[in-house]
Amino acid sequence: MKKIIVFVSIIALVLSFASCGSKSSGFDTSKNISVTAREDGSGTKSAYMELIGLKGKADPANVVIQTGTAAVLAEVKNNPSAIAYESLGYITDDVKSVSVNGVAANADNIKNGTYKLSRPLSVVYKDSNVKSGLNKAFLAFLGSKDAQSIISDNKYVSIYDTAPEYTIDSTLSGSIDVSGSTSLQPLMIKLAAEYEKLQPNVKVTVSGGGSGTGYKNAENGTSAFGMISAVFDKTNAPSCVSYTVAKDGIAVIVNKQNTISNITVDQLKAIYNKDAGKDAITTWSQLIK
Amino acid sequence: MNKAYSFIRARESFMKAIFIFCAVFSVFALLSICAFLFISAFPFFAKTGVFQFLFGTKWDITSATPSYGILPMIIASLYVTALSTVIGVTIGLLTAVSLYKFCNKKIVNNIKQLINLLAGIPSVIYGLFGLIIVVPFLRDNVSSNGVGYGILAASIVLSIMILPTVVSVSYDALCAVPSSYFEGSLALGATNEQAVFKVMVPAAKSGILAGVVLAIGRAIGETMAVIMVIGGSPVMPKGIFQSVRTLTANIAMGATELTGEAVNALIATGVVLFVFTLILNISFSLLKNRGEEKNAKRKT
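Per-chain numbering applies: the sequence of each chain, read as written, is numbered from 1 onward. Throughout, the order in which chains and ligands are written sets their labels, letters from A for the former and numbers from 1 for the latter. The predicted origin of the model limits local features to residues at a pLDDT of at least 70 and limits the giving and counting of side-chain atom pairs to 80 or more, whereas totals for whole chains, interfaces and linings rest on all residues.

1. So, the overall build of chain B
The criterion, for reference: Comment: elements are numbered from the N terminus, with helices defined as DSSP H or I runs of at least four residues and strands as E runs of at least two. Radius of gyration: C-alpha atoms only; globule rule: 2.2 Å multiplied by the number of residues to the exponent 0.38. A residue pair is marked as a contact if its C-beta atoms, positioned from the backbone, fall within 7 Å.
Scanning chain B from N- to C-terminus turns up 12 helices and 2 strands. In summary, chain B has a C-alpha radius of gyration of 24 Å against a globular reference of 19 Å for 300 residues, an excess of more than 25%. Each principal axis of the C-alpha atoms in chain B carries an extent, and together these give about 80 × 75 × 35 Å. Within chain B, counting contacts between residues at least 6 apart in sequence, those at least 24 apart form 73% of the total.

Right under this line is the structure:
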């Protein structure tokens, strides 16, 4: 008798674990949207929230926070009702990328500016500063083939297809100061490291502070180059011009079972806005008619 | 004095210094961590206000006017710890009892070793297990609102993690009870079950309680496994299937990315957590001492 009870309970245990594996097919639109976000302080998060018009806002109450790109992708892959955002370069085939305002998220649409969740990452500088010498050479490097390969290797969108090779000038020495946007900063640090490798006598200092700092330091001459992560606004730095180093794009991703193919920026805002109130979108049936 | 003797003296005092250094090292580490926590948190507490910090319900650090309130996280931590302790201690205590009296003696050691193996599994593996098995299972089969993350998922994972602590401490406590208690109660006509549950377990009470406190300490301090299954939304817990955030998760989620005042807020969260674990550890040693005194009394 005892043995039978033990045997039956073991079978029951095994069966209950096995049932975890079975998945129903077909997408259930009555499910609540599982809103997935990155942790506070993530560059992707602040860029995304800014692009959908929720700059500096906290997440909605029901948010599930995933720390890191891999965790976001794993969650969307496993959770049929999840929605998330991630840098375009990291999107894999395990998840489905949704068009935004009818435009597919890909490098071409980011280059031609039709994809909405994208922004230019630029340097601003005084033209007179960059007429000759070290600064001119560095700007040439930013537009070179060498720089473009670093840009695409780091999952940013390179916007120059036919970039010239950088020509090393062994007479160059000195230091270059770059400061500003923390969105461009990680890429700029990589570019600066490569430049220091090509020109061993040159030191490039990259510091953060935000786009505002980038404008200010370029305008008052503190830094040779200021970094900004938005379209150049002349009123912020009247004596400066800008040069777009690269663009970054953020894709909206859902589970592969999900039947949605297009979403608008306004709908994203209604999903991610904690103060949306009665306009909030909480279930998939509000998006998939 | 000859040369050889003074050399030995010098060597001896050198080794003595090394031993003292080693002995002091851990004390020094503890003190420096305390100093780091309290010194870095003090300006933050002074600015935000301890009351505001502990009882504020809004955690919003990205806005222009940030607010730092960790009450939702404190509550979530307490819920998760309580629920995981209830599940873990129930299973763990019954396991210890069964190993002690009811299990086939040939496999007792094997089972004990397997349970102790649980203690050696890295917490990130528990997190993965929770993320890939427990959360989807709860989401698809148990949860009413389609959310798998939350207090229940974290509690299930944590209860497995605290099992080895509960089982081994309770087992040792049961073994420390003189066997004459058991034999005596059988002689008085008690059944096996009555003897164990009415005599042995109550006699081992303080030892078992010490194990429970140790398990609570582990549950409240666990970070990696919890962060992967808790969801992470800093809101007041309203149910067991809801994305919430514990104190440990709050620190770990921001520690690598945040700067400025927000980091101080995380350190202050660390102070709160530190105080919690300190209280637990002190009560553990008190309980342990009481248990040892009792056992010493029994033997005389």
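From this point on, the discussion continues.
2. Points about the pairing of strand β5 (residues 118-126) of chain A
All names here are of chain A. Defined as follows: Residues with at least 20 other C-beta atoms within 10 Å of their own are called buried, those with 12 or fewer are called exposed, and the rest are partly exposed. The C-beta atoms themselves are positioned from the backbone. Between any two strands, pairing holds if DSSP finds at least two bridges.
Across the 9 residues that make up β5, a large majority, 8, are buried. Where β5 meets strand β9 (residues 240-254), 9 bridges bridge the pair, whose relative direction is antiparallel. Residue pairing for β9: serine 122 is matched across the bridge by threonine 244. Note that β5 and strand β8 (residues 225-228) share 3 bridges and pair antiparallel. Following the sheet pairing, serine 122 is matched in β8 by isoleucine 228.

3. Re the confidence of the model for chain B
Let me state the cut-off plainly: The pLDDT value expresses, per residue, how confident the predictor is, ranging between 0 and 100.
Looking at chain B as a whole, its pLDDT mean stands at 89, while 99% of the residues score no less than 70. The complex model carries a pTM of 0.78, and its ipTM stands at 0.76.

4. Let's talk about the interface of chain A and chain B
Inclusion rule: Each residue gets one of three labels, nonpolar for Ala, Val, Leu, Ile, Met, Phe, Trp, Tyr, Cys and Pro, charged for Asp, Glu, Lys and Arg, and polar for the others, Gly among them.
Every contact between the two is made by 20 residues of chain A and, on the other side, 22 residues of chain B. Taken together, the residues that form the side of chain A that touches chain B break down as 6 nonpolar, 9 polar and 5 charged.

5. Concerning the domain arrangement of chain A
Residues and elements named next belong to chain A. The test is simple: Note that domain bounds follow an automatic or database assignment of domains.
Along its sequence, chain A is carved into domain 1 (28-118 + 250-286) and domain 2 (119-248). On the side of domain 2, 9 residues touch domain 1, which itself brings 10 residues to the contact. The set of elements that each furnish at least two residues to the side of domain 1 that touches domain 2 consists of α2 (43-51) and α4 (107-111). A class-by-class count of the residues in the side of domain 1 that touches domain 2 yields 5 nonpolar, 4 polar and 1 charged.

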